[in-house]
Amino acid sequence: MATVTAKQIQSFVKGEPKRHPIGGGLYLVVRNNATPYWMLRYSSNGKRKEMTIGQYPDLSLADAKADAAIQKREVKSGADPLVARRRIKEQSIRVVDDLFQDWYDNDIAKRLKHPHIPKRVYLKDIKPSIGDMKIEQVNARDIRAIILSIAKERPTIANDSLMYLKQLFRHGIKLDLLANNPASAFTVSDAGGIETSRDRALSIDELKTAFKLFRENQAKFTRDNYLACALLVTLGVRKSELCCAKWEEFELDKALWHLPEGRSKTGAPITIPLPKQVMAWLTELQMRACGADYVFPPRRVSTKLHMGNDTLNRAISKMFGREPGRKIQPPNLMGDMEHFSPHDLRRTFRSLAAYAGVPGHVAERCLNHKLKGVEGIYDRHDYLKERKEAHAKVAALLEPIING
């Protein structure tokens, strides 16, 4: 093969996408609409392998040949350059943040349907305590401090954090970065305790009290939070579905909200009919959004595009005199009412639907639940008409309570 010159390389780059052999296993790979790169082919343990050396023109022809020669010498000595490169990458995993990123990229991002959930827990509750610590320096006392700091106010998140910590350090053991898992000895009894299914639903009297107190304390409980609670209890949607809602999902002239595939917990799309009371609240929210893409844009300077996932939880808890992370707690403005969460408002919708005489299978579809058993297999009807009537009945019950 004739010696390839730098001038020929320039013509290769301008030509058709192709692997151009340079000699000695070195190739210049030209791609459509992408930067060309140098690739070396070699054999190790009887297997053909390929490795990228660098991009052109960052790496010149002469430098690419020199690098290829170095790698080929390694191969002749019995080493595998790809294995050596992987070892170098693994050595860069030194602190817990590095370990989490490797775990996220190579495990949970591929395995979980919603990998953002463990990532959010890590960034908020784990990283501030141990993110910049060397992996081998984290001990059981550090793990206990993390879960205890969360358990008092958010026992479920404490349990989740412990679960993710165990998985995170188990990933480190897999990579031979540490010998023991500092979280392995802890159980849920050390964190948030054994969880029981919540059955909290607000009565009509409790709803009257709650919305009255919300209105009387608008300096502490904003109008956006108020209307978000109104929509949750009237439509029965999930908090995450509402907080991330975009105006483009709504056909306001037809009083419909098209929740797209992938935005709901079940992943199934659904069209939600909007009663007249909801239309009035959405009209107000559209004015308040000032042209933003989201129904609930952030009201403070933030990198977020919409209302935060914890905003409503924190706002309601603060009304009950609970504010995580503060030594001096705010006053309890809700009296002796039992604490409730945004998800309890969804459960309250189901209770109000039953009270209003809505058939169970229609109420379940309002919640975007899959129907169970034989009915779920054979009944593909979406019950849009029936759901429209159901939401109208619940909205009629709630209108005097929410509109004061």
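Parameters at a glance
Residues numbered from 1 in each chain as written. Predicted model: local features only at pLDDT ≥ 70, side-chain atom pairs only at ≥ 80, totals over all residues. Heavy atoms only, no water. Helix = DSSP H or I, 4+ residues; strand = E, 2+ residues; numbered from the N terminus. Rg over C-alpha atoms; globule rule 2.2 N^0.38 Å. Buried < 20%, exposed > 50% of the residue type's maximum accessible area, 1.4 Å probe, protein only. Areas by Shrake-Rupley, 256 points an atom, 1.4 Å probe, with all protein chains shown as cover. Lys, Arg positive; Asp, Glu negative; His and termini not counted. Charge placed at Lys NZ, Arg CZ, Asp CG, Glu CD. Expected span 1.5 Å × (residues − 1). Arc of directions from axis to C-beta. Contact = heavy atoms within 4.5 Å. Salt bridge = Lys/Arg side-chain N within 4 Å of Asp/Glu carboxyl O. Phe/Tyr/Trp six-rings, centres within 6.5 Å; stacked < 30°, edge-to-face > 60°. Lys NZ or Arg CZ within 6 Å of the ring centre and 35° of its normal. Pairing = 2+ DSSP bridges. Axes fitted to C-alpha atoms, helices over the stretch in contact; angles between N-to-C directions.

A.B. asks: Would you explain the overall build of the protein in this entry?
C.D. replies: Scanning the protein from terminus to terminus reveals 16 helices and 7 strands. In summary, the protein has a C-alpha radius of gyration of 29 Å against a globular reference of 22 Å for 404 residues, an excess of more than 25%. With the C-alpha coordinates of the protein rotated into their principal frame, the extents come out at 85 × 55 × 50 Å. In the protein, which comprises 404 residues, the share counted as buried stands at 41%. Carbon and sulfur atoms make up 51% of the accessible area of the protein, which totals about 22,600 Å². Counting 67 positive and 47 negative side-chain charges, the protein places the averaged centre of each group 4 Å from the other.

A.B. asks: What exactly am I supposed to notice about helix α8 (residues 204-216) here?
C.D. replies: One full turn of an α-helix is made of 3.6 residues, so residues set three or four places apart face in the same direction. The end-to-end C-alpha distance of α8, which contains 13 residues, comes to 18 Å, matching closely the 18 Å that a straight helix rising 1.5 Å per residue would cover. Listed as buried for α8 are Glu206, Leu207, Ala210, Phe211, Leu213 and Phe214. All buried residues of α8 project into a common sector of 160° when viewed along the axis, lining one side. Elements in contact with the buried residues of α8: α9 (223-235), α12 (311-319), α13 (342-355) and α16 (384-402).

A.B. asks: Could you clarify how one ought to interpret α9 in this entry?
C.D. replies: An ideal rise of 1.5 Å per residue puts 18 Å on 13 residues; α9 measures up with 18 Å between its terminal C-alpha atoms. Where burial is concerned, most of α9 is hidden: 12 out of the 13 residues are buried. Considered for burial, the residues of α9 that qualify are Asp224, Asn225, Tyr226, Leu227, Ala228, Cys229, Ala230, Leu231, Leu232, Val233, Thr234 and Leu235. Trailing α9 by a residue or two, glycine 236 shows a phi angle of about 70°, which is positive.

A.B. asks: Can you help me understand the pattern of salt bridges in this one?
C.D. replies: If the charged atoms of two oppositely charged side chains come close together, the side chains can form a pair. Scanning the model with the defined rule gives 18 salt bridges in all. One salt bridge connects arginine 347 with aspartate 344, and the closest N-O pair in it is separated by 2.5 Å. Separated by 3 residues within a single helix, arginine 347 and aspartate 344 lie in helix α13, roughly one turn from each other. Salt bridges sharing partners connect three or more residues here, namely Arg19, Arg41 and Glu50.

A.B. asks: In this structure, what is going on with the packing of aromatic side chains? I would like to understand it.
C.D. replies: Tallied over the entire structure, the rule returns 11 aromatic pairs. A centroid spacing of 5.9 Å and a plane angle of 75° characterise the contact between phenylalanine 100 and tryptophan 103, whose relative ring orientation is edge-to-face. Of the two residues, phenylalanine 100 and tryptophan 103 are both situated in helix α4 (residues 96-111); the distance of 3 residues between them amounts to about one turn of the helix. No difference in accessibility class separates phenylalanine 100 from tryptophan 103, as the two residues are buried. Plain terms: the ring middles of phenylalanine 211 and tyrosine 226 are 5.2 Å apart, the flat faces sit at 85° to each other, and that makes the pair edge-to-face. Here the residue phenylalanine 211 occupies a position in helix α8, and tyrosine 226 occupies one in helix α9, the gap between them amounting to 15 residues. By the burial criterion, phenylalanine 211 is buried, and tyrosine 226 matches it. Every member of this aromatic cluster is reached through a ring pair, and the members are Phe211, Phe214, Phe221, Tyr226, Phe320 and Phe340. For lysine 119, the ring lying beneath its charged end belongs to tyrosine 104, and the centroid distance is 4.8 Å.

A.B. asks: For this particular structure, what's the right way to read the pairing of strand β6 (residues 256-259)?
C.D. replies: Two faces, one strand: in a regular strand the side chains alternate between the faces of the sheet. Looking at chain direction, strand β5 (residues 250-251) and β6 are connected through 2 bridges and run antiparallel. Opposite phenylalanine 250, over in β6, you have tryptophan 257 as the bridge partner. In terms of strand pairing, β6 meets strand β7 (residues 270-273) through 4 bridges, oriented antiparallel. Across the sheet, the residue bridging to leucine 259 is isoleucine 270, located in β7.

A.B. asks: Before we go on, may I ask you to explain the sheet that holds strand β2 (residues 26-30) in this structure?
C.D. replies: By definition, the strands of a sheet pair up through backbone hydrogen bonds, in either a parallel or an antiparallel sense. On the basis of which strands lie adjacent, the open sheet formed by 4 strands has the order β1-β2-β3-β4 and antiparallel pairing. Across the chains shown, the open sheet's two edge strands, defined by having one partner strand only, are β1 (18-23) and β4 (47-55). Here the average twist between neighbouring strands, direction ignored, is 30°. One ladder, built from 8 bridges, connects strand β3 (residues 37-44) with β4; its direction is antiparallel. Paired with tyrosine 37 across the strands is glutamine 55, a residue of β4. Strands β1, β2, β3 and β4 of the sheet are contacted by helix α2 (residues 61-76), whose axis makes an angle of about 15° with β3.

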